[in-house]
Amino acid sequence: QVQLTEFGGGLVQAGGSLRLSCVASGRTFSSYTMGWFRQAPGKEREFVAAISWSGGTTYYSDSVKGRFTISRDNAKNTVYLQMNSLKPEDTAVYYCAGGTSYYVKRQRDYDYWGQGTQVTVSS
C-alpha cells in the first residue's frame, strides 16, 4: 500500500511559478511510475506529466510541455512538478498518482492517488 500526499499548491499570478511536491509512504516508491494529473472546475481530470521509476524518462501533455518539469528523488520518496510561466488555464486541483503500468497517460494506469492540491493562477 502506498499513500500519497501533495504539497505546494496556492495562488499565483500569471507568469509566475510554483513547485508541487508529492510525498509517498512505503518502501516501494522507487518501483512506481509517478504521474501528475489535474482537474479544472467542470472538466474531466487530465494527464499533465509522468516520470519513470528511474527518472530517466519523462512525459508531458502538449499543454504544459516546455513550461512544467517533473522530477523525482527516490531517496526522499518524493516526486516534484515545477510549474513555470503559469497561465490562468492551469488553474485546477493537481493530483499525483503512482502505478506500475506500461502506459502512463490514462487514469486507469495508476493504482494510488493523492487527495490533490489546489493551484489557482490569477490573470
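Look up a bit, the structure's there.
Criteria and cut-off values
- Residues numbered from 1 in each chain as written.
- Predicted model: local features only at pLDDT ≥ 70, side-chain atom pairs only at ≥ 80, totals over all residues.
- Heavy atoms only, no water.
- Buried < 20%, exposed > 50% of the residue type's maximum accessible area, 1.4 Å probe, protein only.
- Helix = DSSP H or I, 4+ residues; strand = E, 2+ residues; numbered from the N terminus.
- Pairing = 2+ DSSP bridges.
- Contact = heavy atoms within 4.5 Å.

Draft legend 1. Fine view of the pairing of strand β1 (residues 4–7). Only one face of β1 is buried: it carries L4 and E6, and the other face, with T5 and F7, is open. In terms of strand pairing, β1 meets strand β3 (residues 18–24) through 4 bridges, oriented antiparallel. Within β3, the residue paired with F7 across the bridge is S21.

Draft legend 2. Quick look at the environment of Q115. Along the chain, the position of Q115 falls in the loop between β10 (112–113) and β11 (117–122). Considering only alpha carbons, one finds Q115 and T5, 110 residues apart in sequence, at a separation of 6.7 Å. Residues within four places of Q115 in sequence aside, it is in contact with L4, E6 and Y95.

Draft legend 3. Quick peek at the side chain of T33. Checked against the element boundaries, T33 lands in strand β4 (residues 33–39). Given the relative accessible area of 13%, T33 is considered buried. Every residue in contact with T33, bar those within four places of it in the chain, is listed here: I51, S52, W53, R72, A97, G98, G99, S101, V104 and Y110.

Draft legend 4. Just the pairing of strand β5 (residues 46–51), in detail. Burial runs high along β5: 5 of the 6 residues are buried. Bridge count between β4 and β5: 5 bridges; the pairing is antiparallel. Paired with W36 across the two strands is A49, which belongs to β5. In this structure, the hairpin formed by β4 and β5 is closed by a connection of 6 residues, where G42 is found at a positive phi of approximately 75 degrees. Where β5 lies against strand β6 (residues 58–60), 3 bridges are found, and the strand directions are antiparallel. Paired with A50 across the two strands is Y59, which belongs to β6.

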